[in-house]
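Examining the three-dimensional arrangement
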Number of protein chains: 2
Amino acid sequence: MSLNLQTHTEHFTNPLYLESGRILEPYDITYETYGTLNDDKSNVIVVCHALTGSHHAAGLYEDENKPGWWDGFIGSGKALNTDKYFVICSNVIGSCFGSTGPMSTRHPYHDEYRYKFPVVSIKDMVKAQRILFDRLDIHRVEAIVGGSMGGMQALQFAIHYPNFAKKIISLAATHATQPWAIAFNKVAQEAILKDPDFKQGYYDPEVLKEQGLSGMAVGRMAGHISFLSHESMREKFGREYKRTDGLYELFGKFQVESYLEYNGANFSKWFDPLAYLYITKAINIYDLSRGFDTLEEALTRVTADLHLISFKNDLLFKNFEMKEIADALANIKKTNFSYMDVESDYGHDAFLVELEKFDTYVKDILNG
Amino acid sequence: MSLNLQTHTEHFTNPLYLESGRILEPYDITYETYGTLNDDKSNVIVVCHALTGSHHAAGLYEDENKPGWWDGFIGSGKALNTDKYFVICSNVIGSCFGSTGPMSTRHPYHDEYRYKFPVVSIKDMVKAQRILFDRLDIHRVEAIVGGSMGGMQALQFAIHYPNFAKKIISLAATHATQPWAIAFNKVAQEAILKDPDFKQGYYDPEVLKEQGLSGMAVGRMAGHISFLSHESMREKFGREYKRTDGLYELFGKFQVESYLEYNGANFSKWFDPLAYLYITKAINIYDLSRGFDTLEEALTRVTADLHLISFKNDLLFKNFEMKEIADALANIKKTNFSYMDVESDYGHDAFLVELEKFDTYVKDILNG
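Conventions adopted
- Residues numbered from 1 in each chain as written.
- Chains lettered and ligands numbered in written order.
- Predicted model: local features only at pLDDT ≥ 70, side-chain atom pairs only at ≥ 80, totals over all residues.
- Helix = DSSP H or I, 4+ residues; strand = E, 2+ residues; numbered from the N terminus.
- Rg over C-alpha atoms; globule rule 2.2 N^0.38 Å.
- Contact = placed C-beta atoms within 7 Å.
- Nonpolar A, V, L, I, M, F, W, Y, C, P; charged D, E, K, R; others polar.
- Buried ≥ 20, exposed ≤ 12 C-beta atoms within 10 Å, placed from the backbone.
- Arc of directions from axis to C-beta.
- Expected span 1.5 Å × (residues − 1).
- Pairing = 2+ DSSP bridges.
- Axes fitted to C-alpha atoms, helices over the stretch in contact; angles between N-to-C directions.
- Least-squares fit on C-alpha atoms with pLDDT ≥ 70 in both.
- Core = buried A, V, L, I, M, F, W, Y, C linked by C-beta atoms within 7 Å.
- Right-handed = clockwise from strand over helix to strand, strands pointing away.
- Domains from an automatic or database assignment.
- Parallel < 35°, antiparallel > 145°, perpendicular 65-115°, else oblique.

**Structural notes on the overall build of chain A**
Along the backbone of chain A there are 12 helices and 14 strands. Relative to a compact globule of 368 residues, whose C-alpha radius of gyration would be 21 Å, chain A shows 20 Å and is just as compact. Its C-alpha atoms give chain A principal-axis dimensions of roughly 65 × 50 × 50 Å. A sequence separation of at least 24 residues applies to 71% of the contacts in chain A between residues at least 6 apart.

Rendered as C-alpha cells:
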C-alpha cells in the first residue's frame with residue numbers, strides 16, 4: 001500500500017500560554033501524515049522529532065534524494081505500520097520547517113521575532129501538538145513514539161496529558177538533561193553566537209542558505225561527536241587519511257575530519273541558527289520533575305503504558321538515565337511499564353540507524 | 001627538603017631532522033628541574049607534559065597562585081620523590097612556553113614562523129628531548145613518566161630510544177590516536193581557523209593575550225568535555241542554575257555553562273592558537289606503529305620495563321587502547337611490563353586529579 005504522505009499547516013489564532021508565562025499568538029503548526037485515518041479516528045500514532053529533525057519523518061518528495069528521517073521505521077509493514085495506523089508527525093514550535101519559530105513573522109509588526117521569540121520548553125512543544133490534535137478532532141491516540149528530544153516529548157505527553165495516549169514509547173532520551181549534554185549544546189551555541197556572520201541574530205537567512213554559517217558548522221561537528229561513539233567512529237573511519245602523502249601537512253586530513261567538515265558545512269545551510277539556539281535551550285531546561293517535588297511524583301500522573309528504550313553506548317543521554325525512570329516507576333509500584341537497554345556500540349544515533357535492534361520490540365508493544 | 005625548582009633554556013644550533021623530512025634550526029628547549037642531580041647522574045626521572053601543559057610541572061613561582069600541573073605528584077615524599085630523584089620536565093617543541101614553536105623567531109628572517117613552522121610529531125618532540133639530555137650529559141635515566149600526550153612521548157621513548165630509560169610509565173594515553181580524539185581536536189582547530197581575529201594566523205599575540213580569541217575559547221570548551229565524563233560533570237555541576245529566576249531567559253546559564261565559558265575565555269589568553277594547531281596535529285598523527293608493519297613489531301624494540309596505566313572512564317583515550325598495548329606485549333612474549341586500569345569515574349583528567357588512585361603504584365614501580 002502507498003505511504004499516503006501528506007503535508008499540512010494549521011494556523012491558530014488563540015494564544016498559546018507558555019511555561020515561561022509568555023504567550024505565542026498567533027502560531028502555525030506544520031505536520032505530515034502517513035497512512036489513512038479510520039472512521040472512528042482510533043488508529044493514530046504520534047511521532048515526535050529530535051533537535052534538528054522535522055515533521056518530514058518518512059517518504060520521499062519528488063525533489064528529494066533522501067527520505068524522511070525515520071523512513072525505515074514508518075511505512076507499510078514497518079514498525080509503525082501505515083497499513084494499519086495513521087501516523088502524524090508535527091514540526092515543533094521553535095523550529096524552522098513551517099511551525100512558528102524565531103524567524104517567523106511577528107504579528108502584527110511584520111518583522112521576524114528573532115530574539116523577541118519567547119523561550120519554549122519541551123512541555124510547550126507538547127502543548128502545541130495537543131492543541132493541533134484537538135483541531136483535528138483527535139482526542140485519544142494509540143501511541144506516542146519518539147527518540148532523543150522526541151523521546152522527551154513522549155514522556156511529557158505521558159505526564160501532562162495522561163489520558164491522551166494508550167502507549168508511550170520513549171527512546172534514547174532522559175528524565176532531565178544532564179550537564180554533559182548541556183555542555184555539548186553550549187559549544188554549539190557559543191560557536192554560533194561568536195560568529196560575526198551571525199550578526200548578533202540579525203543575519204539575512206537567504207545569505208546563510210547560500211553561504212552557511214561557519215560557527216554553526218563548528219557546533220554541528222561537536223554535535224556529531226555526541227551522536228556517535230568512540231567505537232562507531234573507529235569502525236567508520238579508523239585512521240584513514242584523505243591523501244597519504246599529506247600526513248605532515250598541517251591541513252592534511254583524516255577521513256573523520258572530512259566527514260565532520262562536510263556535515264558541518266552542509267548543516268549550516270539547511271538549519272536556522274536562531275532555531276538551534278532556542279531548541280537547544282528547550283532541551284537544556286527539560287526536566288520531567290519541574291513543578292513536582294520529585295521524579296516519582298511526576299510519574300504518578302502517568303496512566304499510559306510506558307516503554308523506555310535506551311542504547312548501551314549512548315554517550316549523549318546515558319542508558320542509566322532511562323533506567324532511573326524505570327527505577328522511579330518501580331518505586332511508585334507502577335506495573336504497566338517496560339525498560340529495554342539495547343546492545344549497541346553505535347552511540348546516540350542508534351535510534352535512527354540500528355532500527356533492526358528494536359523494531360520488533362516496538363511492533364510487539366503496539367500489538368499489545 | 002626544598003623542591004629546588006630551577007628553570008633553564010638551552011639553545012641548539014645543529015639542525016633537528018624531523019620525521020617529515022624538514023629541519024628545525026636553530027631551536028631552544030626550556031626545561032625545569034626539581035631535586036638534585038647526584039654525582040654519577042643516576043637519579044634522573046623525565047616527566048613529559050600534555051597538550052596544553054608546559055615544563056612547569058611542580059612548585060610555585062613568586063608571582064603565581066597555582067602550582068605546576070603535577071605538583072601533587074612531584075616533590076619531597078611524593079610519588080616522584082625529589083629527596084631521591086632529580087626530575088626534569090621540558091617544554092615540547094611546537095609549544096609556546098619557551099621552547100621553539102610557531103611563534104618563535106624564524107632564523108635568519110627575524111619574523112615569526114607562523115605557518116612556515118614545520119609539522120612536528122610526538123617522535124620529534126622526543127628526539128629533541130633526547131638531544132637536550134645529551135647536552136646535559138645524561139645518557140640513561142631511571143624512568144620516563146607522562147600522561148595523555150606525555151604518555152605518548154613516554155611510549156615513543158621506549159620504542160625509539162630503547163636503552164635510554166630503565167622504566168617507562170605511560171598514563172591515560174594510547175598507541176595511536178583514534179578518530180574520536182581527532183574529532184575533538186578538529187572542533188577546536190576549526191573554531192580557531194574560522195575566527196576572524198585569528199587573522200589566518202597573522203594575529204598580534206599581544207592583542208590575544210589581552211582579549212583572548214573566542215574561537216579558541218569555543219574549542220577549549222569542547223576540550224573540557226573530552227577531559228571529563230558524564231559522571232564527573234553530573235557530580236560537579238548537576239543541573240544547578242546560575243540564577244533561578246533566569247530559567248526562561250535564552251541566555252540564562254547552568255553552572256556547567258559558566259564553567260565552560262570561564263575556562264574557555266581564560267585559556268584563550270594564555271595559550272597560543274598556532275601552537276594549539278601544531279600540537280593537536282602532532283597528537284592526531286601519533287601512531288606508535290608508523291615505520292613498522294605492526295604495533296607488535298614496534299614493541300619488540302622495547303627493552304625498558306613498560307608500565308601502562310589507564311582510567312576506566314577516560315573518554316578521550318579509552319582504557320581498551322592501553323589494553324591493546326598490553327595485549328600486543330603479551331603476544332610478543334614480553335614479560336617486563338604491567339597494565340593497570342584505575343577504577344575511576346572522573347574521565348581523562350583523572351591522571352591530573354585523582355593522584356591518590358595511582359601514586360602508590362608508581363612509587364612501587366620506582367622502588368622496583
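**A closer look at the interface of chain B and chain A**
Taken together, the contact between chain B and chain A spans 42 residues of the former and 42 residues of the latter. With 9 residues, helix 3 (residues 179-193) of chain B is the largest single contributor of residues to the side of chain B that touches chain A. Across the side of chain B that touches chain A, the residue classes break down as 25 nonpolar, 7 polar and 10 charged.

**A few points about helix 6 (residues 230-237) of chain B**
Within helix 6 of chain B, the full set of buried residues consists of His230, Ser232, Met233 and Phe237 of chain B. Taken down its axis, helix 6 of chain B places every buried residue within 165° of arc, on the same side. Where helix 6 of chain B is buried, its residues contact helix 3 (179-193) of chain A together with helix 7 (255-270) of chain B. Gly238 of chain B occupies a position one or two residues after helix 6 of chain B and carries a positive phi of about 50°.

**A closer look at helix 10 (residues 319-331) of chain B**
Residues three or four positions apart in an α-helix share a direction because the helix packs 3.6 residues into each turn. Residue and element names in this part refer to chain B. Helix length check: helix 10, at 13 residues, gives a terminal C-alpha distance of 18 Å against a target of 18 Å (1.5 Å per residue), a fit within 8%. Along helix 10, the residues that are buried comprise Asn319, Glu321, Met322, Ile325, Ala328 and Leu329. Once helix 10 finishes, Lys333 follows within two positions and takes phi at roughly 65°, a positive value.

**Let's talk about the sheet that holds strand 11 (residues 141-147) of chain A**
All names here are of chain A. The 8 strands lie next to each other as 1-4-8-5-11-12-13-14, forming an open sheet whose pairing is mixed. Of all strands in the sheet, those bounded by a partner on one side alone are strand 1 (6-12) and strand 14 (337-342). Sheet twist, expressed as the mean angle between neighbouring strand axes with direction ignored, is 20°. Contacts from helix 2 (residues 149-160) reach strand 5 (44-48), strand 11, strand 12 (165-171) and strand 13 (305-311), with the element oriented near 150° to strand 12. Helix 12 (residues 359-366) rests against strand 11, strand 12, strand 13 and strand 14 of the sheet, and its axis sits at about 165° to strand 12.

**Considerations on the relation of the copies chain B and chain A**
Put simply, the second copy of the chain is the first one after a rotation about an axis and a shift along it. Mapping chain B onto chain A leaves a residual RMSD of 0.0 Å; the transformation is a rotation of 180° accompanied by 0.0 Å of translation along its axis. Interpreted geometrically, this transformation is the action of a two-fold axis. A high fraction, 100%, of the interface residues of chain B reappear at the interface in chain A, so the copies pair face to face through one surface.

**Section: the nonpolar core**
Counting 240 residues, the largest nonpolar core has Val47 of chain A together with Val47 of chain B as its most contacted members. Beyond its immediate stretch of four places on either side in the chain, Val47 of chain B contacts Ala57, Trp70, Ile74, Leu80, Val87, Cys89, Val145 and Gly146 of chain B.

**Looking at the environment of Val145 of chain B**
Residues and elements named next belong to chain B. Looking at the element boundaries, Val145 is found in strand 11 (residues 141-147). On the neighbour-count criterion, Val145 (31 C-beta atoms within 10 Å) is buried. In this structure the C-alpha to C-alpha distance between Val145 and Ser90, which are 55 residues apart in sequence, comes to 12 Å.

**Here's the deal with the pairing of strand 14 of chain A**
Moving residue by residue along a regular strand, the side chains alternate between the two faces of the sheet. Residue and element names in this part refer to chain A. As judged from the 6 bridges shared by strand 13 and strand 14, these two strands associate in the parallel manner. Along strand 14, the bridge assignment pairs Leu306 with Phe337. A crossover links strand 13 with its parallel partner strand 14, the connecting element being helix 10 (residues 319-331), and its sense is right-handed.

**Describing the domain arrangement of chain A**
Residue and element names in this part refer to chain A. Partitioning chain A into domains gives domain 1 (6-177 + 285-366) and domain 2 (181-281). Each of domain 1 and domain 2 was reduced to a C-alpha centroid, and the two centroids are 25 Å apart. Taken residue by residue, the interface counts 24 residues in domain 1 and 19 residues in domain 2. Residues of the side of domain 1 that touches domain 2, tallied by class, amount to 13 nonpolar, 8 polar and 3 charged.

**A few points about the sheet that holds strand 12 (residues 165-171) of chain B**
Residue and element names in this part refer to chain B. Strand order across the open sheet formed by 8 strands is 1-4-8-5-11-12-13-14, with mixed pairing between neighbours. Because the sheet does not close on itself, it has two edges, and the strands there are strand 1 (6-12) and strand 14 (337-342). Each strand of the sheet is rotated relative to its neighbour by a mean of 20°, with strand direction disregarded. In the sheet, strand 11 pairs with strand 12 via 6 bridges, with the strands oriented parallel.

**Points about the pairing of strand 8 (residues 86-90) of chain B**
All names here are of chain B. Most of strand 8 is tucked away, with 5 of its 5 residues classed as buried. Sheet topology places strand 4 (residues 27-34) next to strand 8; 4 bridges connect them, and they run antiparallel. Along strand 8, the bridge assignment pairs Glu32 with Cys89.

**Describing the environment of Val47 of chain B**
As for its placement among the helices and strands, Val47 of chain B is situated in strand 5 (residues 44-48). A C-alpha to C-alpha distance of 7.5 Å links Val47 of chain B and Gly150 of chain B, two positions 103 residues apart in sequence.

**Quick look at the packing of helix 5 (residues 214-227) of chain A against helix 3 of chain B**
One way to put it is that helix 5 of chain A packs onto helix 3 of chain B with a least axis distance of 9 Å and a crossing angle of 170°. When the interaxial angle is binned, helix 5 of chain A and helix 3 of chain B end up roughly antiparallel. Contacts between helix 5 of chain A and helix 3 of chain B involve Val218, Met221, Ala222 and Ile225 of chain A from the former and Ala183, Phe184, Lys186, Val187, Glu190 and Ala191 of chain B from the latter. For the contact of helix 5 of chain A with helix 3 of chain B, a count of residues per class yields 8 nonpolar, no polar and 2 charged.

**Describing unusual backbone geometry**
Glu25 of chain B connects to Pro26 of chain B through a cis peptide bond whose omega is -10°. For the peptide bond that leads from His107 of chain B to Pro108 of chain B, omega is 0°, which places it in the cis range. Turning to its location among the elements, Pro108 of chain B is positioned in the loop between strand 9 (105-106) and strand 10 (111-112). Positive phi values are uncommon outside glycine, yet Lys199 of chain A reaches one of about 50°. Positionally, Lys199 of chain A belongs in the loop between helix 3 and helix 4 (205-211). A tally of 12 C-beta atoms within 10 Å means that Lys199 of chain A is categorised as exposed.

**Structural notes on the environment of Ile168 of chain B**
Residue and element names in this part refer to chain B. Along the chain, Ile168 turns up in strand 12. In the structure, Ile168 is positioned 30 residues away from Phe198 in sequence and 39 Å away in space, judged by C-alpha atoms. Contacts of Ile168, omitting those with residues within four sequence positions, involve Ile144, Ala154, Leu155, Phe157, Ala158, Ala304, Leu306 and His307.

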